[in-house]
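Examination of the molecular architecture
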Amino acid sequence: MFAEVVFPLPFRNSFTYKIPEEFLDAVEMGVRVVVPFGRRILTGFVINVLDDCKVEGRIKNIQDVLDTEPIFNNESLKFYKWISDYYLSSLGEALRNSVPYGTEVETKRKIISDMEYCYDLYESEKKKDSTRGKILRFLSEKETCKLAYLQKVVKKKNIYSILKTLHKNGAITIVDEVEGAKVRVKKVKAVKLNKPLEELYDSIGTIEKRSPKQALILLEMISAKGKEIQLSDLLKKTESSASSVDGLVQKGYLEIFDLEIKRNYLETYDEELKNIILTDQQSKIVTTVNKSIDKDEFKSFLLHGITGSGKTQVYIELAKKVLAKNKTVLILVPEISLTPQMTSRLINNFGDSVAVLHSQMSIGERFDSWRSIVNGESTVVVGARSALFAPLKNLGLIVVDEEHDQSYKQYDMVPKYQARDAGVIRGWMEGCPVLLGSATPSIESMYNALIGKYELLELPERIDDAKLPDIKLVNIKIEQKQKRMENIFSNALLKKIKDRIEKNEGVIILQNRRGFATQVYCEDCGEIEMCKECSVGMVHHISKNILQCHYCGASKPVPKGCTTCGSLNIKFFGTGTQRVEDELDYYLPDVNIERVDSDTINKKGKMGILLNSFRKGEIDVLVGTQMVSKGLDFANVTLVGVISAETSLWMPDFRADERTFQLLTQVSGRAGRSKTKGEVIIQTQDDKHFVLQKVLGNDYKGFYEREIKLREKMGYPPFTRLCLIEAKDPKEGNVIGAMKDLYSLLTKYKSGLKISPPTEAVILKLKGQYRYQILIKSFRKIDPSGSVLRKVVLDSFIEFNKRSRYRDVRVFFDIDPQSVL
């Protein structure tokens, strides 16, 4: 028997391996296997089992099988094939998403250096700044390191020929080490009774005379009423030593065994379960979607419900109906910040059947959540975009909450999938309804609803008789002239904050920038403190008194003078959340203020703790980035302030207007969710701007109608499908050469596509890599499925890899990019 295996690597063919006799029963489609691959050992996915093999030559054996149950079946494999085909990745790269991080077995190449010999070679090296020089210098200071780390240090991938020469000369030794999985099933020693209770009661008197501690241990075990107790807990409770337990084991009274422990993610945020009666509008929507649930049919719905209209309760009621049919539910949320409240409400309703999946969980917690889904213990899954790949069987409903959010797009890894769009495809393949929900639907989703691709459902009113907040635009240019500004705060906003706090009401302040000052600028020479690895200015973080790059994470102390000309006349410009918090604390010293951004909630559970305190009134003001704009539902919030409406409006991106409208409408919706009417103060430099006027009138329809006309005129989604091709390399000349070669091939195959010439990315340099881009537009009238676009890109890239001298330059494809920055 033979197995076809694919790997999470960027090549699209499968490889054939022989199944040894001991694994014949274990190897089947959907399991992971450990196999030799060249000189390495890798984990791969079995996509087929064959009776015979047409491959010539020696076929290597499978070395191990990692799974007792298949991770995917024939049906789910079709979904991963669609992901790989549509987003231009290999099948193995798509299947990597089917398992949690840390479960793979693979070889890591390790380098052991003769430090003295490497130092001598470095001293005799003429070009010490060359790649060879950098390698020798590093290896003369460090005896052992992994190949991947050395590549990162010298900022070059292709260093194999240099290492091979050094290995031949005896300066280094290269060793391949097999690294096991980083995460495993957690087991602890546990104790259980090994004799009937009657016999134990008869023996306790005798045992007590000889060893009172052993008698105490037995009584503790008896009181557990037949349940096992962890050995560590038993010793702690009885203040006994392990030898006392060992003695009872030897006498046959107790048994010690390995107990599997589930690492449950504990949500720090909690709410009481409320008995909620649905409004007529909510009930109508539940009835409509439930028809598709009852029929086990695929249908896409777009739920356009204003902020505070009760969309979450609709999801919960539909989930109850799905679970009643012994089916499973997948609920996607865009950010960790939305997970605490959503998770708490789902656990209140569905208890232990809820599994959570997101990046702030430990790898052990994620692994155990994943296993509980595979085993069928968890029937409701809630999580961020990666939860799309949760191995739920018998799926009955997919919900995508805040479907407009850009964080549903995978930016960092291949494939660069869009979880919302892929969720619709998964629903179609699984034969279940998909419900997309938002107060500010994306332009594409609303277009799909209006042309009949999705069914449009609407919740135009808030629940509990709550009204939408009053919104006021404050032009800070006019306020400055009238001397009605206190640094970054208008007097109007400060006055409203004081007024609401005096009434014991909650306040949320939005500033969508982290840090204290967003630029450090020299007034004499005009230079801005830039990151050496990225072509962006560094941000001042006052809490640590450092400058930090928000793209690569590099940091350095705040300079005392200009690093270019030496002048002491340096100024701090721009406003981040730290500055907002700092100034608010100055003007309102007795007010409890907390900041919510990725700097402050990087500790696990911190977001839940903050939200608990805010709900209880222990925190008066939440200052934050866009994390505070979505999903938060607090009855006590009556005022929302926006420090600067322009943060996203001025971005050179075709979605800038849409994102600004969504952000401001969403954050405004946090106010006035009870009978007390809410207020929103938005500070801006242009209060007549079209987007802000639509936010002021809560006019989604008017915004959509104008935006859709602009998109059609300029040739952007939903009328076109985009592909952003990006090349990266430490040498700018290599990137330019690669993109010129690829562009000439693309124009040769172009087939009705609109292909822009290579241009610098808006941020030219990121993490030491120069970036150039090509944007391709495929018109949906000509190429409705995007198959022409994908074929042109793939054919061009295959030829590029055959012909171009720059084929070592890394090239990435992003189908349906959320941003062109």
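Structure report, in brief. Here the structure is a predicted model, which means the values were calculated and not measured. (Residues numbered from 1 in each chain as written. Predicted model: local features only at pLDDT ≥ 70, side-chain atom pairs only at ≥ 80, totals over all residues. Heavy atoms only, no water.)

A word on the sheet that holds strand β26 (residues 555-557). Strand order in the open sheet made by the three strands is β24-β25-β26, with antiparallel pairing throughout. Unpaired on one side and paired on the other, β24 (539-541) and β26 mark the two borders of the sheet. Across the sheet, the mean angle separating the axes of adjacent strands is 30° when strand polarity is ignored. Strand direction decides the pairing type here: strand β25 (residues 546-548) and β26, joined by three bridges, are antiparallel. Paired with L547 across the two strands is K556, which belongs to β26. (Pairing = 2+ DSSP bridges. Helix = DSSP H or I, 4+ residues; strand = E, 2+ residues; numbered from the N terminus. Axes fitted to C-alpha atoms, helices over the stretch in contact; angles between N-to-C directions.)

Let's shift gears to helix α18 (residues 491-502). Over its twelve residues, α18 runs 17 Å from end to end, which matches the ideal 16 Å to within 8%, given 1.5 Å per residue. Among the residues of α18, those classed as buried are L493, L494, I497, R500 and I501. For α18, the buried positions fall inside an angular range of 135° around the axis, keeping them on one side. Those residues of α18 that are exposed and aimed more than 90 degrees away from the buried face are K495 and E502. (Expected span 1.5 Å × (residues − 1). Buried < 20%, exposed > 50% of the residue type's maximum accessible area, 1.4 Å probe, protein only. Arc of directions from axis to C-beta.)

Attention now moves to helix α8 (residues 212-223). The terminal C-alpha atoms of α8, which comprises twelve residues, lie 17 Å apart, in line with the 16 Å expected from a rise of 1.5 Å per residue. Taken as a whole, α8 has its buried residues at Q214, A215, I217, L218, M221 and I222. For α8, the arc enclosing every buried residue in end-on projection is 160°, short of the 170-degree limit, so these residues lie on one face. Positive backbone phi, approximately 55°, marks K225, located one or two places after α8.

With that settled, the discussion passes to a negative patch on the surface. Taken together, the side chains of D114, E116, D120, E123 and E143 present a region of like negative charge at the surface. Here E123 shows up in helix α3 (residues 115-124). (Patch = residues over 30% accessible without salt bridge, like charges linked within 9 Å, V, L, I, M, F, W, Y side chains within 5 Å. Areas by Shrake-Rupley, 256 points an atom, 1.4 Å probe, with all protein chains shown as cover. Salt bridge = Lys/Arg side-chain N within 4 Å of Asp/Glu carboxyl O. Lys, Arg positive; Asp, Glu negative; His and termini not counted. Charge placed at Lys NZ, Arg CZ, Asp CG, Glu CD.)

Tallied over the full model, the rule gives 45 salt bridges. One salt bridge connects E583 with R579, and the closest N-O pair in it is separated by 2.9 Å. Residue E583 and its partner R579 are located together in helix α19 (residues 577-587), separated by four residues, close to a single helical turn. As far as the burial class goes, E583 and R579 line up, both buried. A salt bridge links R771 to E726, with the shortest nitrogen-to-oxygen separation between them at 3.1 Å. Of the two residues, R771 is situated in strand β35 (residues 769-779) and E726 in strand β32 (residues 720-729); the sequence distance between them amounts to 45 residues. Accessibility assignment for this pair places R771 and E726 in one class, buried. What emerges from the salt-bridge pattern is a single network uniting E260, R263, D368 and R371.

Going through the model one piece at a time under the given rule, you end up with three cavities of 30 Å³ or more. Taken as a whole, the largest cavity encloses approximately 60 Å³ of empty space. If you trace the largest cavity, you find it lined by H404, S442, E444, R655, E658, R659, Q662 and Q818. When residues in the lining of the largest cavity are grouped by element, the largest group, three residues, is from helix α21 (residues 656-668). (1 Å grid on protein atoms, 1.4 Å probe; cavity = no way out; pocket = protein on both sides within 12 Å on 5 of 7 lines; lining within 4 Å. Points joined across faces, edges and corners; volume = space filled by probe spheres on them.)

Attention shifts here to the side chain of E93. Note on placement: E93 falls in helix α2 (residues 91-95). Among buried charged residues, E93 stands out as having no salt bridge; its nearest opposite-charge side chain is R96, 4.6 Å away.

Our next topic: the packing of helix α7 (residues 197-210) against α8. Packing of α7 against α8 leaves a shortest axis separation of 7 Å and a crossing angle of 155°. Judged on the interaxial angle alone, α8 and α7 are roughly antiparallel. For the crossing formed where α7 meets α8, the hand is left-handed. From α7, L197, L200, Y201, I204, I207, E208 and R210 reach across to α8, where they touch P212, Q214, A215, L218, L219 and I222. (Parallel < 35°, antiparallel > 145°, perpendicular 65-115°, else oblique. Left-handed = near helix turned anticlockwise from the far one by under 90°. Contact = heavy atoms within 4.5 Å.)

Turning to the layout of surface pockets, a few remarks are in order. The space that makes up the second largest pocket amounts to roughly 1100 Å³. Every residue lining the second largest pocket is counted, 44 residues in all, and those nearest its centre are K274, I276, R345, I463 and D633. Within the residue set of the lining of the second largest pocket, elements represented by two or more residues are α12 (311-324) and α13 (339-350).

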